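Observations on the three-dimensional arrangement
Listed below are the residues making up each chain.
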Amino acid sequence: MNAKQVSGAAAGEHRRFDGTSQNRSLERGLEILRAFKPGTDLLGNGELAERTGLSAATVSRLTQTLVTSGFLEHDRRARAYRLAAPVLSLGHAMRAASPVLRAATPLMRDVSLKHHVNVGLASADRAEMVYLESIRYNRRASLRTIVAGQRVPIELTSLGRAYLATLDDAARGELLARIMRSYRSASWRPVGQEIDKAIAKVSAAGYCVASWQPGVVAIATPLNGTGGQAMVLNLSLATDEPGASIERRHAATLMALKEGILHDLQVREIDA
């Protein structure tokens, strides 16, 4: 393939995923599935319409299709729907097929045990970060609340702020504008300032620090070079120590873990 053919193929590939030729019915069906969050068991057509912004007639048609195709179950007594087993199967297939998770998970587990910290790997989905893997050090099950599939807000977390640092100005501005709509201007100001500091920190040191939950400090770094969607790696621990102290003790550990994962990925690609 010559340079002109490569350029044309790349342009065609870009057009496939630039949103200009999306299937609206499929997109709306996926919005129905997105409406189900952890802690949500049953949703009726009215609740789904409210969460998705779709009309009641459209929701009714789509839920019937999703039940027929096996992705939703209909609870006749409650007149509502719940996610069905194939949705879980898709998540499992994604995790099993991910070369990044295959490389990262054993290394994450080793670091967690050696340094007594929680280790997470996440990617962005709209205004939230979704954990792809979460290794919790704490032996008490009641404190191991973050699991794969869990969502956390982009604007408040080290994971999200490190992700924001990977975006160009236009993409970052568009995402932050969408997030800001749920804030009042006065309450957004300190959040925006913290985001700016985190982005500068990632640029200077490769990581950022945040404590969005009381008594928990987290350090995160973008995991570049994995192909596909950007991922972010973090360490966190429950502590009353200030973030600066945790940074001094654990930042180097996080960055070494990142390099180890990227090295393992490179070796796997060479061997493949």
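Throughout this description, residue numbers start from 1 for each chain and increase along the sequence as written. Note on the predicted model: pLDDT of at least 70 is required for a residue's local features to be given, and 80 or more for side-chain atom pairs to be given and counted; whole-chain, interface and lining totals, by contrast, use all residues. Each side-chain value is worked out from all heavy atoms of the structure, with water and hydrogens disregarded.

1. Considerations on the pairing of strand β3 (residues 118-125)
For clarity, the cut-off: Residue burial is assigned from relative accessible area. The probe radius is 1.4 Å, only protein chains are included, and a residue is buried under 20% of its type maximum, exposed over 50%, and partly exposed in between. By the criteria applied, helices consist of DSSP H or I runs no shorter than four residues and strands consist of E runs no shorter than two, each listed in order from the N terminus. For two strands to be treated as a pair, DSSP must find at least two bridges joining them.
Most of β3 sits inside the fold, with eight of its eight residues counted as buried. Residue alternation in β3 divides its side chains into two sets, Asn118, Gly120, Ala122 and Ala124 and Val119, Leu121, Ser123 and Asp125, and both sets are buried. Pairing analysis gives six bridges linking β3 to strand β8 (residues 231-238), with the strands arranged antiparallel. Counterpart to Val119 in the pairing with β8 is Leu235. Pairing geometry for β3 and strand β4 (residues 128-135), over seven bridges, is antiparallel. Pairing of Asp125 across the sheet is with Glu128, part of β4. Turn length for the β3-β4 hairpin, with the two strands adjacent in sequence and antiparallel, is two residues, and the turn residue Arg126 shows positive phi of about 60°.

2. Re the packing of helix α3 (residues 45-52) against helix α4 (residues 56-68)
We count it as follows: Lines are fitted to the C-alpha atoms to define the axes, a helix being fitted only along its stretch in contact, and any angle between axes, read from their N-to-C directions, falls within 0 to 180 degrees. Between 65 and 115 degrees an angle is taken as roughly perpendicular, under 35 as roughly parallel, over 145 as roughly antiparallel, and anywhere else as oblique. Handedness of each helix crossing follows the sense of rotation of the near helix against the far helix: counterclockwise by less than a right angle gives left-handed, clockwise gives right-handed. Any two residues having at least one pair of non-hydrogen atoms within 4.5 Å are treated as being in contact.
Packing of α3 against α4 leaves a shortest axis separation of 9 Å and a crossing angle of 110°. Between α3 and α4, the crossing angle belongs to the class labelled roughly perpendicular. Seen from above, α3 lies across α4 with right-handed handedness. Where α3 abuts α4, its residues Asn45, Leu48, Ala49 and Thr52 lie against Val59, Ser60 and Thr63.

3. A look at unusual backbone geometry
Despite not being glycine, Arg79 shows a phi value in the positive range, around 55°. Among the secondary structure elements, Arg79 is positioned in the loop between β1 (72-75) and β2 (80-83). Arg79 gets classed as exposed once you look at its relative accessible area, which sits at 70%. You will see that Arg126, though not glycine, has its phi angle at about 60°, which is positive. For Arg126, the location among the structural elements is in the loop between β3 and β4.

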